[in-house]
2 protein chains.
Amino acid sequence: MNFEFHNPTRLIFGAGTLSRLGEVARKHGRKALIVTGGGSVKRNGTFDRAVASLKAAGIAFAECDGVEPNPRIATVRRGAWIAREEGCDVIIALGGGSTMDASKVMAAAFYYDGDPWDMIYHGQPDPHIPTRTLPIITVPTLAATGSEMNMEAVISNEETKEKSFVQAEGLYPRAALVDPELTMSVPKNQTAYGVCDLITHVTEGYFNGVDGTPIQDRFAEGVILTAMEWGPRAIADGNDLEARTQVQWASIVALNGWANAGTNGGYPVHMIEHTLSAYHDITHAAGLAVVNPFWMRFAAGHRAEKFVQFAERIFGLKAKGPKDLDCALQGIDRFEAFLKSIGCPTRLSELNIDDTLIMRYAQDTLRIIHDENGNLPGRPPMSKEDIVRVLQAAL
Amino acid sequence: MNFEFHNPTRLIFGAGTLSRLGEVARKHGRKALIVTGGGSVKRNGTFDRAVASLKAAGIAFAECDGVEPNPRIATVRRGAWIAREEGCDVIIALGGGSTMDASKVMAAAFYYDGDPWDMIYHGQPDPHIPTRTLPIITVPTLAATGSEMNMEAVISNEETKEKSFVQAEGLYPRAALVDPELTMSVPKNQTAYGVCDLITHVTEGYFNGVDGTPIQDRFAEGVILTAMEWGPRAIADGNDLEARTQVQWASIVALNGWANAGTNGGYPVHMIEHTLSAYHDITHAAGLAVVNPFWMRFAAGHRAEKFVQFAERIFGLKAKGPKDLDCALQGIDRFEAFLKSIGCPTRLSELNIDDTLIMRYAQDTLRIIHDENGNLPGRPPMSKEDIVRVLQAAL
């Protein structure tokens, strides 16, 4: 374990905190660009309550609405343009992961004269790392991505069919105002996808990270166990505020660095899924639900131990030994069954994806990211054939 | 769960990181006050290596040595005076918890014209909350306190026999440079006390916090399980770098807010122990080792459930039901036995403390902190008689 950790985002957590938006925003600016998604925040009154809080604090605002589920670089360009035209000095992301991710890159694009796509890592030799950004305040309306308290964003390029990420310290929101009440109107399927999303965030670091991280393992397991306990309750009754609270807290700590500090893992499942959702307009976490168990089965064949630990600690199975592959595979089957039980797809066919483009998914994934041997980083690194094999199994 | 969390300290973790001290310090100042404790860093070469790194980066320095195990306000005054006289613009704490705590308050006292004791909470109506501090860099040489990555400090007043704390955002170190190699020379008993210290940090929030914090529970349990697994290895072989690394990482996450965000718990065991070590020059964690199990037995009688969970998840015991007090008490006995097994005292007599001043310990504890009913905050709140009873049992 040799690592740096720094997360300066101020988290303001709890039911009812939306009313503090104006007070928080005033610390960072005078005119906000409010970024929103498909319009649910307008229909359910969240937008009006946010605006009322801003007005009471004397904060003016402009709007950028219509961020897509897989946010597009064109939308980022549009938002940055509005922020400049309107003279905004703070960005408020009011929505789900895509709204927050787009807002982060808008905040960086505000100060960048080139094309914001330069900042998104897509295999180019010299990506532009943003160093200066408008202050960002995140107000998540969905428990899933963890974007509210981290320095990552994922953006799609609809022209090149690429979907990839940017990571930079400047992308840390100044404040994350997290009000679980805002997630009560999220429908069952999106709630389930959020649970899958957050679990996949921790399984990536858990299975792909370095050896010898016992605390991070326990933290990751704690997030998974909590999500598996409270997720189904939030899905069963969207108005269960306690369940919404625990799921949202799980989604934050799944990806704010606490559970994977120093693990230094790759994100192979995410990278494969990103290619799928670059070609098909599927929900990110629906893609993860299909790919993750099949990736696990592939990886367990190379290194059963960690999957045995997963089977024992998450599902209470008893292994015959530390390398008991049967036990490892049973744990993965149980995990897949859990995803199915909460309503997630577990085969590509359920997403209307067939094998026509399967070679291209593998090629594109590797074009975006590969190690010095041309493989997808992770444990184990994956060749093009490995990716194809995993996807084929998942058809 | 309704809370704010903010921890902006940049953690630089790993064997060998001491060599980066100069590079890190340069981001914050040009002349450092290096604060040290009893001199072990000079004897074992750590001080010289730190100075070499500073010199290579062009950082001048002054020194404040001799911080006591229970750091005194007089030492804080002296350090702040040196920093002013020498024109220092950054403080480097090179030592254990007492050195780091004293350094934090020196950094605040640098900008405060009154007596720094005003900043330490001791029941005064209007404590001075420090808002401006010199930048602080912590370089722990002991795994115990977690002070390297939090905003707390505990200081003693040798004249009034008071020992208490200050908490302020300005006390967050700018950087924590954590090099587990520096702890390899820590003797067995101090290593054991460190393990006890870090475990007690999480048990306080775990047992005294609000209900409904399943993730924080799992995180706390993860820290305890890891400390119980790796602590004995670090004690058995001080040169086991892997064990030193895991124990140090555990000590950081035990008190940097990750394991107890939103739990909003009291610290009754700490408050009682502080009074003991204000009267008797005992190691803080040696006092905790005695008080904590007896406090647990007292608290379990009021609310067995959490202690049953502790017994089941930490020691693998099987309860007959969620309120099985026998199981709870068995878990506490096992915990006490663990502390004894690593060489911690478990009775006050081992610390040469008898019942002569027992009423005064209780009174002083309550003078420093009490709720609106005059009780020590915690679950349950403790009356003077409760404190006396716990200490009497621990004789």
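Residues numbered from 1 in each chain as written. Chains lettered and ligands numbered in written order. Predicted model: local features only at pLDDT ≥ 70, side-chain atom pairs only at ≥ 80, totals over all residues. Heavy atoms only, no water.

Section: the interface of chain A and chain B
- Each side of the interface is counted separately: chain A has 40 residues, and chain B has 40 residues.
- Here chain A meets chain B over a buried area of about 3,400 Å², counting both sides, of which 60% is carbon and sulfur.
- A per-residue breakdown of the area chain A buries against chain B is headed by A:I215, A:F219 and A:W258, which together make up 19% of the total.
- The partner of B:R10 in a salt bridge is A:E169, with the nearest N and O atoms 3.1 Å apart.
- Counting only elements with at least two residues in the side of chain A that touches chain B, the list comes to β1 (3-13), α7 (214-236) and α8 (241-255) of chain A.
- By residue number, the principal contributor to the side of chain A that touches chain B is β1(A), which donates 11 residues.
- Tallied by class, residues from the side of chain A that touches chain B come to 20 nonpolar, 14 polar and six charged.
- Across seven bridges, the pairing between β1(A) and strand β1 (residues 3-13) of chain B is antiparallel. Across the sheet, residue A:F13 finds its bridge partner in β1(B), namely B:F3. (Contact = heavy atoms within 4.5 Å. Buried area = accessible area lost by both parts, 1.4 Å probe. Salt bridge = Lys/Arg side-chain N within 4 Å of Asp/Glu carboxyl O. Helix = DSSP H or I, 4+ residues; strand = E, 2+ residues; numbered from the N terminus. Nonpolar A, V, L, I, M, F, W, Y, C, P; charged D, E, K, R; others polar. Pairing = 2+ DSSP bridges.)

Observations regarding the UniProt feature "domain: Alcohol dehydrogenase iron-type/glycerol dehydrogenase GldA" (unreviewed entry) in chain A
- UniProt marks residues 8-180 of chain A with the feature "domain: Alcohol dehydrogenase iron-type/glycerol dehydrogenase GldA" (unreviewed entry), using the numbering shown here.
- Helix makes up 28% of residues 8-180 of chain A and strand 25%. Its end C-alpha atoms lie 21 Å apart. (UniProt positions renumbered as here; feature names shortened; annotations may be inferred.)

Describing the state of the cysteines
Residues and elements named next belong to chain B.
- The final tally for this structure, using the stated rule, is zero disulfides over all chains.
- C88 provides the cysteine sulfur closest to C64, a residue in no disulfide bond, and the two sulfurs are 10 Å apart.
- For C64, a relative accessible area of 1% translates into the label buried. (Disulfide = S-S within 2.5 Å. Buried < 20%, exposed > 50% of the residue type's maximum accessible area, 1.4 Å probe, protein only.)

With respect to the sheet that holds β1(A)
- Here we have 12 strands laid out as an open sheet, ordered β3(A)-β2(A)-β4(A)-β5(A)-β8(A)-β1(A)-β1(B)-β8(B)-β5(B)-β4(B)-β2(B)-β3(B), and mixed in their pairing. This sheet does not close on itself; its edge strands, each paired only once, are β3 (60-64) of chain A together with β3 (60-64) of chain B. Here the average twist between neighbouring strands, direction ignored, is 25°.
- One ladder, built from four bridges, connects β1(B) with strand β8 (residues 175-178) of chain B; its direction is parallel. By the bridge assignment for β8(B), B:F13 is matched with B:V178. (Axes fitted to C-alpha atoms, helices over the stretch in contact; angles between N-to-C directions.)

A word on the relation of the copies chain A and chain B
- By a simple turn and slide, chain A fits onto chain B: the slide is 0.0 Å along the axis, the RMSD is 0.0 Å, and the turn is 180°. Expressed as an axis order, the relation between the two copies is that of a two-fold axis. Closest to the rotation axis within chain A is the C-alpha of A:P8, separated from it by 2.1 Å.
- Take the interface residues of chain A: 100% of them recur as interface residues in chain B, which is what a same-surface contact looks like. (Least-squares fit on C-alpha atoms with pLDDT ≥ 70 in both.)

Let's talk about the packing of helix α13 (residues 358-368) of chain A against helix α14 (residues 384-393) of chain A
Residues and elements named next belong to chain A.
- Between α13 and α14, the least distance of the axes is 9 Å, while the angle of their chain directions is 135°. Taken together, α13 and α14 sit at an angle that is classed as oblique. For the pair α13 and α14, the sense of crossing is right-handed. Packed against α13, whose contacting residues are I358, M359, Y361, A362, Q363, T365 and L366, the element α14 presents K384, I387, V388, L391 and Q392 at the interface. (Parallel < 35°, antiparallel > 145°, perpendicular 65-115°, else oblique. Left-handed = near helix turned anticlockwise from the far one by under 90°.)

Here we look at unusual backbone geometry
Residues and elements named next belong to chain A.
- P380 follows R379 through a cis peptide bond whose omega is -5°.
- The topology assignment puts P380 in the loop between α13 and α14.
- Even without being a glycine, K161 presents a positive backbone phi close to 55°.
- With respect to the secondary-structure elements, K161 resides in the loop between β6 (152-157) and β7 (162-167).

Looking at the UniProt feature "domain: Fe-containing alcohol dehydrogenase-like C-terminal" (unreviewed entry) in chain A
- The feature "domain: Fe-containing alcohol dehydrogenase-like C-terminal" (unreviewed entry), as annotated in UniProt, sits at residues 191-394 of chain A in this numbering.
- Strand forms 0% of residues 191-394 of chain A and helix 66%; the C-alpha atoms that close the span are 23 Å apart.

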